[in-house]
Amino acid sequence: MKPLLSTFMLIHNLIVILMTNNKLHATHAHDLLVINGGGFSCESWLLGVETNNVRGWKTVPRGCESFVGQYMIGKRYGEDLAMVVREAEKYARGLKLGGDGKEVWVFDVDDTALSNLPFYAHRGFGRPAVQQSLRLYKTLLSLGIKVMFLGTDFEHDRDIISANLRKVGYITWEKLLLRIPKVKLSTISYKSSERKKLQQEGYKIIGNIGDQWSDILGTPEGDRTFKLPNPMYYVN
Ligand SMILES: [Mg+2]
């Protein structure tokens, strides 16, 4: 849970304002941000982020803070999550499994399995599930597909993360893979090397889901990847 502090502060303040001020008007869909003299809507920026055309951004652009806040705490974020999960479930239900129990699905942890949104809003402890992801998790287990968690958190937080996952309904998993602090790798390199190890162990990665492009890019990606929305921060 280490997105850039400035982004955290921005979103934190924004969500607190939105939660405590019900007079705040609805979606600022037409807020404009100005780049190189050209006007862009915040919706266009969001689309650019989710399609990985806008990369390496450090903070939500000025002028789009309220748009992103409304997106996250309004209905739209949940609806977008649900759309991804609907497609993932459709795909999973249509698979012909080998029967050897080797099919696995890789879940990212931060803002995929567990939501950081209350953390941004209240700086509280104990993260709730991303309900749509929990639903996918249950569907996969019911189909006989094993789940792996591949997080960017560090190994020394294993007990906290395990307890958090169990508490919110992720009751079992094949592996919970976490980072070792002394190994310095980009997220893409770290996650793809962990997926490669899984393959070498005989697992077949049929699905891979995360809120960052760095969760799902890099060979081997898995047979199919699913990107959850996240306009709050970008992990390289
Ligand atoms: Mg994540």
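Position numbers for residues count from 1 along each chain, tracking the sequence in the order it is written. pLDDT decides what is reported in this predicted model: residues at 70 or higher carry local features, side-chain atom pairs at 80 or more are listed and counted, and totals for whole chains, interfaces and linings draw on all residues regardless.

Colleague: So what's going on with the nonpolar core? Which residues, and what values?
Modeller: Only buried Ala, Val, Leu, Ile, Met, Phe, Trp, Tyr and Cys residues enter a nonpolar core, and they are joined through C-beta atoms within 7 Å. Remark: C-beta atoms are placed from the backbone, and a residue is labelled buried if 20 or more other C-beta atoms sit within 10 Å of its own, exposed if 12 or fewer do, or partly exposed between those counts. With 45 residues, the main nonpolar core has Trp105, Phe107, Ala113 and Phe149 as its most contacted residues. Numbering goes from the N terminus for both helices and strands, where a helix is a DSSP run of H or I of at least four residues and a strand is a run of E of at least two. The biggest single contributor to this core is helix α4 (residues 75–93), with 5 residues. Segmentation into domains, and thus their bounds, comes from an automatic or database assignment. Each of domain 1 (5–73) and domain 2 (76–227) accounts for three or more of the residues forming this core. What Ala113 contacts, discounting residues up to four positions off in sequence, is Phe107, Asp108, Ala129, Val130, Ser133, Phe149, Leu165 and Tyr170. C-beta atoms are first placed from the backbone for all residues, and any pair lying within 7 Å is then listed as a contact.

Colleague: Give a detailed account of the environment of Thr59, specifying residues and quantitative values.
Modeller: Topologically, Thr59 is positioned in the loop between α2 (42–50) and α3 (65–73). Placed 173 residues apart in sequence, Thr59 and Met232 show a C-alpha to C-alpha distance of 7.8 Å.

Colleague: Lay out the packing of α4 against helix α6 (residues 131–143) in plain terms, naming residues and giving numbers.
Modeller: Between N-to-C directions, angles span 0 to 180 degrees; the directions come from axes that are lines fitted to C-alpha atoms, helices contributing only their stretch in contact. Where α4 meets α6, the axes come as close as 9 Å, and the angle between the chain directions of the two elements is 5 degrees. As far as their axial angle goes, α6 and α4 are roughly parallel. Here Leu81, Ala82, Val85, Ala88, Glu89, Ala92 and Arg93 of α4 come into contact with α6, specifically with Gln132, Ser133, Arg135, Leu136, Thr139, Leu140 and Leu143. When the residues that make up the contact of α4 with α6 are grouped by side-chain class, the tally is 8 nonpolar, 3 polar and 3 charged. Oblique is the label for any angle not under 35 degrees, not over 145, and not in the 65 to 115 range, which are roughly parallel, roughly antiparallel and roughly perpendicular in turn. Residues are sorted three ways: Asp, Glu, Lys and Arg are charged, Ala, Val, Leu, Ile, Met, Phe, Trp, Tyr, Cys and Pro are nonpolar, and all the rest, Gly among them, are polar.

Colleague: Before we move on, can you summarise unusual backbone geometry with the specific residues and values?
Modeller: Of the consecutive residues Thr219 and Pro220, the connecting peptide bond is found in the cis state with omega at -5 degrees. Relative to the helices and strands, Pro220 resides in the loop between α9 (213–216) and β7 (225–227). Although it is not a glycine, Asn52 adopts a positive phi angle of roughly 65 degrees. Mapped onto the fold, Asn52 is located in the loop between α2 and α3. Taking the C-beta count within 10 Å as the criterion, Asn52 has 14 such neighbours and is therefore assigned partly exposed. Not every positive phi belongs to a glycine, and Asp111 is a case in point at roughly 60 degrees. You can see Asp111 is positioned in the loop between β3 (103–107) and α5 (117–122).

Colleague: Now, about the confidence of the model for the chain: what can you tell me, with residues and values included?
Modeller: Per-residue confidence from the predictor is reported as pLDDT, a score between 0 and 100. Averaged over the chain, the pLDDT score is 86; the fraction of residues at 70 or greater is 81%. Segment residues 20–31: pLDDT under 50, and 17 contacts once partners within four positions in sequence are set aside and those in other chains are kept.

Colleague: Tell me about the pairing of β3, residues and numbers included.
Modeller: Across the 5 residues of β3, 5 count as buried, placing the element largely inside the fold. Here β3 shows a buried face lined by Glu103, Trp105 and Phe107 and a second buried face lined by Val104 and Val106. Only strands that DSSP links by at least two bridges are regarded as paired with each other. Inspection of the sheet shows β3 paired to strand β4 (residues 146–154) by 4 bridges, in the parallel sense. Each bridged residue has a counterpart across the sheet, and for Phe107 the counterpart in β4 is Phe149.

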